[in-house]
Amino acid sequence: MTQVFEILGKFDTDSDCHKLLYAPHPLPLKYREGRVYKIEFEGDAAALEAFVNRVLIDPISQEARTGGQPAFEKASFVLEYGMKGAALDLEKEMILNYYRGTENPGFEIKKLTLRTRIYVFGEGAEPTQFVRDIVNPAIHTHEVLKAA
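The sections below set out a description of the structure shown in this document.

So, the overall build of the chain
(1) Moving on: Secondary structure assignment for the chain yields three helices and seven strands.
(2) Moving on: Secondary structure elements of the chain, listed N to C terminal, follow the sequence β-β-β-α-β-β-α-β-α-β.
(3) Moving on: Each principal axis of the C-alpha atoms in the chain carries an extent, and together these give about 55 × 30 × 25 Å.
(4) Moving on: Looking at the chain residue by residue over its 148 residues, the buried ones come to 41%.

Here's the deal with the side chain of E6
(1) Moving on: Along the chain, the position of E6 falls in strand β1 (residues 2–9).
(2) Moving on: Looking at E6, its side chain comes within polar contact range of the side chain of Y119, at 2.6 Å.
(3) Moving on: With near-sequence residues (within four places) excluded, E6 lies in contact with G34, R35, V36, E63, A64, R65, Q69, P70, A71, R117 and Y119.

Observations concerning helix α1 (residues 45–55)
(1) Moving on: For α1, the set of buried residues is A47, L48, F51 and V52. On an axial view of α1, the arc spanned by its buried residues comes to 140°, and they lie on one face.
(2) Moving on: The elements touched by buried residues of α1 are β1, β3 (30–43), α2 (90–100) and β6 (107–121).
(3) Moving on: In this structure D44 caps α1, since a side-chain oxygen of it lies 3.0 Å from the backbone nitrogen of A46.

Quick look at the side chain of Q129
(1) Moving on: Take Q129: it is sitting in helix α3 (residues 128–134).
(2) Moving on: By relative accessible area, which is 13% here, Q129 ends up buried.
(3) Moving on: Those residues within four positions of Q129 in sequence are excluded, and the remaining contacts are L21, A23, P24 and H25.

Rules and cut-offs
Residues numbered from 1 in each chain as written. Predicted model: local features only at pLDDT ≥ 70, side-chain atom pairs only at ≥ 80, totals over all residues. Heavy atoms only, no water. Helix = DSSP H or I, 4+ residues; strand = E, 2+ residues; numbered from the N terminus. Buried < 20%, exposed > 50% of the residue type's maximum accessible area, 1.4 Å probe, protein only. Polar contact = N/O pair within 3.5 Å; in protein donor to acceptor, adjacent residues only side chain to side chain. Contact = heavy atoms within 4.5 Å. Arc of directions from axis to C-beta.

In structure tokens form, the structure reads like this:
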């Protein structure tokens, strides 16, 4: 089975896109960011969810959405990127090490994929400059999603 969790900051607000880009963008665009964890597993789904809530989420400042659908429908586009399979992903390795040290977790992780989602808001927003400035093709894979 596969479960997708997106972790978002409860208190995050739209931020100026200039923080993300090397050169100023001509439009006044805003963005929000989320972290996506795609977990392929066997076993108890409730045990997996409890693990995610215990390990990946700060209950005071973060919330999780399940299912994988983009969180913000009004985004002009969503840039989703993550490390290539052969690249060293320290966060992924630490999560897997913690999982391996858990006695009787109730599920078995078959595959873990971590990705960052950047939601861009604003009329006329196009992904070209964002992909160029954020995605490093040597180590990242990426996908541009249109909001529903």
